[in-house]
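Observations on chain architecture
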Amino acid sequence: MSDSKKVAHKHKLIEYANGPSLEEINGTVKVPKDKGFLKTLFAYSGPGALVAVGYMDPGNWSTSITGGQNFQYLLMSVILMSSLIAMLLQYMAAKLGIVSQMDLAQAIRARTSKSLGIVLWILTELAIMATDIAEVIGAAIALYLLFNIPLLIAVLITVLDVLLLLLLTKVGFRKIEALVVALILVILLVFVYQVALSDPNWSGVLKGLVPTADTFSSTRHIGGQTPLTGALGIIGATVMPHNLYLHSAISQTREIDHKDEESVAQTVRFSAWDSNIQLTLAFFVNALLLIMGVAVFKSGAVKDPSFFGLFQALSDGSTLSNSVLAGVAKSGILSILFAVALLASGQNSTITGTLTGQVIMEGFVHMRMPLWARRLITRVISVIPVIICVMMTSGKSAIEEHAALNDLMNNSQVFLAFALPFSMLPLLMMTDSRVEMGDRFKNTLWIKALGWISVLGLTYLNLIGLPGQLEAFFGANPTGTEIQIADLIAYILIIGVLALLVWTIFELYKGNKKYAEKLGLE
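What counts and what doesn't
- Residues numbered from 1 in each chain as written.
- Predicted model: local features only at pLDDT ≥ 70, side-chain atom pairs only at ≥ 80, totals over all residues.
- Heavy atoms only, no water.
- Helix = DSSP H or I, 4+ residues; strand = E, 2+ residues; numbered from the N terminus.
- Buried < 20%, exposed > 50% of the residue type's maximum accessible area, 1.4 Å probe, protein only.
- Core = buried A, V, L, I, M, F, W, Y, C linked by side-chain atoms within 4.5 Å.
- Contact = heavy atoms within 4.5 Å.
- Patch = residues over 30% accessible without salt bridge, like charges linked within 9 Å, V, L, I, M, F, W, Y side chains within 5 Å.
- Areas by Shrake-Rupley, 256 points an atom, 1.4 Å probe, with all protein chains shown as cover.
- Salt bridge = Lys/Arg side-chain N within 4 Å of Asp/Glu carboxyl O.

Our next topic: unusual backbone geometry. With a phi angle near 50°, Asp199 is a residue other than glycine that sits in the positive phi range. You can see Asp199 is positioned in the loop between helix H9 (173–198) and helix H10 (202–208). When its relative accessible area of 60% is taken as the criterion, Asp199 is described as exposed. For His366, which is not glycine, the phi dihedral falls at a positive 55°. Its place among the elements puts His366 in the loop between helix H16 (333–365) and strand E3 (367–368). Residue class for His366 comes out buried when judged on its relative accessible area of 17%.

Put into structure tokens, the structure is as follows:
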């Protein structure tokens, strides 16, 4: 329903942009007409893979493995619920892009003020940079483990992935999608192989898929963690705000005849199939990570949950659960495959993170820059705290250095808790709206009900988990004063988040009402 025409004035690296989302690739992928289900599905497959990457990035790994180590299969149900909620939200994001011809950032900005657009842009940029820090750490550690490159140099090498992105922009979007799918399969196969050797208790796995009263318990402490904090960690690492912006943009890469309602309906339907299939793969990856924590390692054997510790544990037969795994571990293949999967995960996230950054920059503040420049700036900013962390711990023991990097990665994820409500709530309001979506494509009653339960539930869990996340900034054993300081900051931030949410909802409601009056729908 966007009738905006492209307006672009070049200013060196930065352009003014107010045209179609990701204009260079918008509507460039042709789809067959009157073909069978599988051929049509293949043509629409790809965007879901780019979205699924965010659900299996390096930030997810330690939360799932640690959850398995501490609570066995108890948190399997949390991974399942997170994945189902992700499928629902991503379906709505894709539908918004396809039907309205605007990505989520553009749709929010079209209904709100310039000042709010800038605030939401900064907030979402911080969330993208937080995930980028996890990717920098994951890729640098993988380079160190595979090639013994010093950590500081490995961190600097990660900046060069801009060259990979520059190459990919020349080969076409379908080839980018194919590369991402190939890297996802590498990650999946690595963990399938390791879990298959561990011979897990499959009845325990299936039993864990059903939530119980213990799943969100806050009284049972193991390894400095409760099931509630473990669940919050998994939820926070699984449902990513930037994925909603990305999907609403790349769902528009397929050629659509918007004058033909059936063509639009077909795109919505097959985009949902694509997304759900790829997110099912992401669910299996995260489930396999948790099963690794339970079945690959002996209970409590992994004292260091960082990537270094997991690599070392996969090389040490004494930490593994059976003689088959211990025998394979002697060859080094388990640890090498783990590092390869880590590197693949980091590179996948590089591609999607850059595209998302461009989407929110164009949508919220109407600015565009070349993807390579955008990537270089974001990566350099993200590398700075990692370099500082490595330099500050370079004279300390290896364990302290590893712990500091792991803490930096985990603590940086706190920005996701801030950004998530500001993508979910507008998405739900817009896809519920007859003005935005029309009578045929607005959310059905059951989608609306599940959507509001999911959005309010995730927002509540993210906000109640904030004090604990800020307390973690003071280390494993904060003092009473430090806890009080962390909690005070958390409560101030929660009030700020809620106030900004009220502002966002008010402006969206007002903008939507004005647009409805313009169209004569009210």
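It is worth spelling out the nonpolar core at this point. The biggest cluster of nonpolar side chains holds 156 residues, and the ones touching the most others in it are Trp61, Leu89, Phe191 and Phe297. Sorting elements by how many residues they give to this core places helix H13 (residues 261–296) first, with 16 residues. Residue contacts for Trp61: discarding those within four places in its chain leaves Met56, Ile187, Phe191, Leu289, Phe307, Phe338, Ala341, Leu342 and Ser345.

Attention now moves to a nonpolar patch on the surface. Among the surface-exposed residues, Trp372, Leu376, Val380, Ile384, Ile388 and Met392 lie close enough to one another that they form a single nonpolar patch of about 550 Å² accessible area. By secondary structure assignment, the location of Leu376 is in helix H17 (residues 371–392). Residue classification places Leu376 among the partly exposed positions, given a relative accessible area of 31%.

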